[in-house]
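Residue-level listing of the chains:
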Amino acid sequence: MSLAYSHVHLQADPVRFNPDGQIFVDDAQMVLTVYRQGVFIVHSMKDARADPKTISFVNPGDVLSVKFSSDHRFLSLQRSSTEIEIVNLKLTTEFRLSCKSSKGNEILGVVWINNDIYDLCLICTTGLELYKMSPKADSMKLSKHIKQQNNWFLYSHPNRLLMLCAGKEANAVQCYQFPPNGLIKMRQFMPDTRQDDRRLQPQDFVLSKLYDKLCCIFINGFHQELIVYQLGRDAVARHSVINLYTACDRFAVSVIDNLLVVHNTDSQITMLFDIHSKNKLPVAAPLPLGGPPSRAGPSQDAAFAPEMQSSWEFVHPSFLLDKASGCCWSVALSLEHLSVSCSDKPALLELLLKRSSSAPHILRVIRNVIQDQESINTVSRLFNILNAAFSASLKRVVEETSNKKQARWWFWEPDTPPTDMFLASLSSAPLSGARGGAGAAAGARPGGAGYLQGTLAAAARQADAPPLSSGDFGGGAGAVSSAAGAAGAAAGEGLGASDERQVGPEGISSGGGRDLQTLVDQTQILEQVLSKLHDSKQALPVEYFVAVVTEYMRSLHKHALVIEPFLFEFLIKLLVTADPPLLHLLHQFVQYHVVQDSKMVARQLLAVEEQYPPALQLSLDMLHRLGAHEEIVDVLVVRGKLVLALQYVRTHNVSLVNPSFFLKAAVHDDNLFYTVFRFLESNNQALRGTPAFMPLDNCDEYVQHFRRTFPQAINRKDVFAM
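All figures in this text were calculated on a predicted structure; none of them were measured in a lab.

Definitions and cut-offs
- Residues numbered from 1 in each chain as written.
- Predicted model: local features only at pLDDT ≥ 70, side-chain atom pairs only at ≥ 80, totals over all residues.
- Heavy atoms only, no water.
- Pairing = 2+ DSSP bridges.
- Helix = DSSP H or I, 4+ residues; strand = E, 2+ residues; numbered from the N terminus.
- Axes fitted to C-alpha atoms, helices over the stretch in contact; angles between N-to-C directions.
- Buried < 20%, exposed > 50% of the residue type's maximum accessible area, 1.4 Å probe, protein only.
- Parallel < 35°, antiparallel > 145°, perpendicular 65-115°, else oblique.
- Left-handed = near helix turned anticlockwise from the far one by under 90°.
- Contact = heavy atoms within 4.5 Å.
- Nonpolar A, V, L, I, M, F, W, Y, C, P; charged D, E, K, R; others polar.
- 1 Å grid on protein atoms, 1.4 Å probe; cavity = no way out; pocket = protein on both sides within 12 Å on 5 of 7 lines; lining within 4 Å.
- Points joined across faces, edges and corners; volume = space filled by probe spheres on them.
- pLDDT = per-residue confidence, 0-100.
- Phe/Tyr/Trp six-rings, centres within 6.5 Å; stacked < 30°, edge-to-face > 60°.
- Polar contact = N/O pair within 3.5 Å; in protein donor to acceptor, adjacent residues only side chain to side chain.
- Core = buried A, V, L, I, M, F, W, Y, C linked by side-chain atoms within 4.5 Å.
- Salt bridge = Lys/Arg side-chain N within 4 Å of Asp/Glu carboxyl O.

The sheet built from four strands is open, its strands ordered S11-S12-S13-S14 with antiparallel pairing. Each of the sheet's edge strands pairs with one partner strand only, and the pair in question is strand S11 (107–112) and strand S14 (140–147). With strand direction ignored, the average angle separating the axes of adjacent strands in the sheet is 20°. Note that strand S12 (residues 120–124) and strand S13 (residues 127–133) share five bridges and pair antiparallel. Looking across to S13, one finds that Leu-122 is bridged to Glu-129.

Set out below in structure tokens:
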């Protein structure tokens, strides 16, 4: 494998900035600010092509931190350990805010909350100070003060989660969450450091939401392990412990698509971990961090990123800041490279289902497995994993409405607005030039698995309807031999060669469906896998291909998913176009309800009647089970079996009969025409009380023909009986 195929790589086009100045990262708003000589240059970390914005009207002076409010109207500058400055970006005004003047109280940092109760939180060494902005936006009022000894803090804005290192020994963690209506205090806990005298450090923690869990990841570099704690309003528990398998005490962690990306800064490698993995091993082989991809293709990619330098800083969730060179890279996961390097296809499929936008890679994996003609057992495992994902998603809906045991793990999940408009909102403000007053114009504030199917109950009831006997149509296909019937029954019961006991684990239940990010439906399987393989120049053995299709249908049935009619149509097409055609197998599939009844399938059977005459009887039986009486009458009339059609009309009380359709078919045979005409008159008498035809029947031509051909029978009162 080429060294260019690294699982994690730096994306092209980094954010470039002038490193000559103070550099501040606001991971809440995803902006990077460079402060130099009284001027702030603000760069978007999400869009390298966005032009940076300049703020030059602020008073010069010392700056310890730079934070923007969530509504993009205010900027907080920490000037000292006891004072911050609030800048109104719309009005270009400023005011100062000091922490409470108590002994030893200092400001550790600032967090903009912007909910209905609080606007700003000062994290101080003696507690939390929560403030609300005045209506005139020229001052702040203290709304709540929580006394608590704090050493340092971390804040995750997407989850509105504040983590505080509390206690004199700096060995306890206290978390708060800021929902729209106030403040939630979570349970305090002490991470397992295995060292009594060790003080917790901010670089040893990462806050993130992994799948549906709010997590605090503790990086225990001394013991080369990650400890994942699950947080809830009323509970804290150790979710998992991940061994890092390397003699190193310097690690950095990024979170990409619910994967923990562990960067070993000593050995220069990157490892991927999934908290829902059963064995807690890396999901792929450890490889160095890849360089940015080249537009010329993977073969031209930079093999690997430069060695991890001391100037590098990994910024949550997935950014790399190089202060020396003035670049901020986005760290990305390459599902394509991950698919190439993984030989365990079922494990790879389970991994891809938990990643977002992975459908093309999932379909490619399945297509390659079938194209390589791997065992049906392997194909069956892949299909079971896909279809189990749908069942798990259905169960999740029920669990979320009825499972009360999860209440203690409840946490508020904010609907985070996109921050892409952040710099655009800054552009509408007078960020440079003269300072404005209260009368300055304020800028305006900037503002789905529907495929899941039901069960097969209705289809099963329909399939159990008794078929018409051949006597109903005066003949037809004879009974299939007992040997062929047994083979058909086996096909209908198993739909494939694999034993259920050999399928193996499906890997979906671990997350209860909550960890699924991508679902692949039957349309995608048909269009991107089955049809492409059928139309490719490298044809597969038809017996193997039929086994693959039926195995997919068996898996859908096993997981109570309705099989779409187009799959049956594809299977029939596959059997009919085979060389030689496998019509005997088609007969078995239809007779034993492997192929589900539908009008489209019935039409396909009629189309092969010349090649396989019993297909007519199979089609008629299917239409009867569907209750499609008019279609049965049409089929019989087109094939010249008018008497049988009339018998069927009388037996099954078919009312929607077009008289002209029958008369036109019988006009060339006088005896048959007389019989049909008299039957239709009798039918009119029974339905309308008169034997005459209605104008809408369009039968005037045939009435005149009857009078010319049978003048002696015009006044006869025949009683028609069949």
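This next bit is on helix H15 (residues 642–651). Buried residues of H15: Leu-642, Leu-644, Ala-645, Leu-646, Tyr-648 and Val-649, and no others. Looking one or two residues beyond H15, the residue adopting positive phi is Asn-653, at roughly 50°.

The subject of this paragraph is the packing of H15 against helix H17 (residues 670–688). Where H15 contacts H17, the two axes come as close as 11 Å, and the packing angle between them is 15°. Judged on the interaxial angle alone, H17 and H15 are roughly parallel. By crossing handedness, the relation of H15 to H17 is classed as left-handed. Of the residues in H17, those in contact with Leu-642, Val-643, Leu-646, Val-649 and Arg-650 of H15 are Leu-672, Val-676, Phe-679 and Ser-682. Classifying every residue of the contact of H15 with H17 by side-chain character gives seven nonpolar, one polar and one charged.

This next bit is on the sheet that holds strand S10 (residues 93–98). The strand order S7-S8-S9-S10 describes an open sheet built from four strands, whose pairing is antiparallel. On the outer flanks of this sheet lie strand S7 (65–68) and S10, each paired with one strand and no other. On average, adjacent strands in this sheet sit at an angle of 20° to one another, irrespective of strand direction. For S7 and strand S8 (residues 74–78), the ladder comprises four bridges, and the chain directions are antiparallel. The residue bridging Val-66 from the neighbouring strand is Leu-77, located in S8.

Before going further, it helps to spend a moment on the layout of surface pockets. In this model, the largest pocket occupies a volume close to 1,500 Å³. Taken together, 48 residues make up the lining of the largest pocket; nearest its centre are Leu-154, Pro-202, Gln-203, Glu-313 and Phe-314. Those elements that place two or more of their residues in the lining of the largest pocket are strand S3 (22–26), S7, S11, strand S15 (150–156), strand S19 (205–210), strand S23 (251–256) and strand S26 (312–315). Examining the composition of the lining of the largest pocket, we find that five residues originate from one element, S11, more than from any other. Counted by class, the lining of the largest pocket contains 28 nonpolar, eleven polar and nine charged residues.

Let us look at the confidence of the model for the protein. Averaged over the protein, the pLDDT score is 80; the fraction of residues at 70 or greater is 79%. A low-confidence stretch, residues 416–422 (pLDDT under 50), is modelled with 14 contacts involving residues beyond four sequence positions or located in other chains. In the predicted structure, residues 430–510 sits below a pLDDT of 50 and forms 156 contacts with residues beyond four places in sequence or in another chain.

Let's shift gears to the packing of aromatic side chains. Two numbers describe a pair of aromatic rings. These are the distance of the centres and the angle of the planes. Under the counting rule described, the total for this entry stands at 14 aromatic pairs. Seen in terms of ring centroids, Phe-74 and Trp-112 are 6.0 Å apart; in terms of plane orientation they differ by 15°. Their pairing is stacked. Pair noted here: Phe-74 is in strand S8 and Trp-112 is in strand S11, with a separation of 38 residues, a long-range link. For the pair Phe-74 and Trp-112, a shared accessibility class is recorded, and that class is buried. A centroid spacing of 4.9 Å and a plane angle of 40° characterise the contact between Phe-189 and Tyr-229, whose relative ring orientation is tilted. Linking Phe-189 in the loop between strand S18 (184–185) and S19 with Tyr-229 in strand S21 (residues 225–231), this pair joins segments that are 40 residues apart in sequence. Of the two residues, Phe-189 and Tyr-229, both sit in the buried class. Through a chain of ring-to-ring contacts, the aromatic side chains of Phe-673, Tyr-674, Phe-677, Phe-693, Phe-706 and Phe-710 assemble into a single cluster.

We now examine the environment of Pro-202. Here Pro-202 is to be found in the loop between S18 and S19. For Pro-202 and Phe-153, which are 49 residues apart along the polypeptide, the C-alpha to C-alpha distance reads 7.1 Å. Non-local contacts of Pro-202, meaning those with residues more than four positions away in its chain, are made with Trp-152 and Leu-154.

Next up on the list: the packing of helix H10 (residues 565–576) against helix H12 (residues 599–607). Contact geometry for H10 and H12: axes closest at 9 Å, N-to-C directions at 15°. Considered as vectors, H10 and H12 are oriented roughly parallel to each other. Both H10 and H12 take part in a crossing whose hand is right-handed. In contact with Phe-568, Glu-569, Ile-572 and Lys-573 of H10, H12 contributes Met-600, Val-601 and Gln-604.

Before going further, it helps to spend a moment on the environment of Glu-551. With respect to the helices, strands and loops of the structure, Glu-551 is situated in helix H9 (residues 542–558). Here Glu-551 falls in the buried class, since its relative accessible area comes to 0%. Within polar-contact distance, the side chain of Glu-551 engages the side chain of Arg-554 at 2.6 Å.

The set of residues buried in H12 consists of Val-601, Ala-602, Gln-604, Leu-605 and Leu-606. Contacts from the buried residues of H12 go to H10, helix H11 (583–591), helix H13 (614–626) and helix H14 (629–638).

If you look at the biggest cluster of nonpolar residues, it comprises 118 residues, and the most contacted ones within it are Ile-366, Ile-370, Leu-530 and Phe-662. Apart from the residues within four sequence positions on either side, Ile-366 is in contact with Leu-349, Leu-382, Phe-383, Leu-386, Ile-525 and Val-529. Listed in part, the 20 residues of the second largest apolar core include Met-186, Leu-200, Phe-218 and Tyr-229.

We now examine the pattern of salt bridges. Under the definition given, this model contains 18 salt bridges. Note that Asp-597 is salt-bridged to Arg-625, the shortest N-O span being 2.6 Å. Linking Asp-597 in the loop between H11 and H12 with Arg-625 in helix H13, this pair joins segments that are 28 residues apart in sequence. With relative accessibility at 7%, the residue Asp-597 sits in the buried group.

Tracing the backbone shows Ala-12 in the loop between strand S1 (8–10) and strand S2 (15–16). For the pair formed by Ala-12 and Ser-330, sequence separation is 318 residues and the distance between their alpha carbons is 8.2 Å.

With glycine set apart, most residues show a phi of negative sign, and most peptide bonds adopt trans. The omega angle of the peptide bond from His-316 to Pro-317 is 5°, so this bond is cis rather than trans. Here Pro-317 is to be found in the loop between S26 and strand S27 (319–322). Across the junction of Asp-579 and Pro-580, the peptide omega takes the value 0°, indicating a cis bond. Considering the arrangement of structural elements, one finds Pro-580 in the loop between H10 and H11. The backbone of His-72 sits at a positive phi, close to 65°, despite the residue not being glycine.

The next point concerns empty space enclosed by the protein. Considering only enclosed or pocket space, the largest cavity measures out at about 40 Å³ in volume. When residues of the lining of the largest cavity are assigned to their parent elements, the largest contribution, three residues, is made by strand S25 (residues 269–273). When its residues are assigned to classes, the lining of the largest cavity shows eight nonpolar, three polar and no charged.

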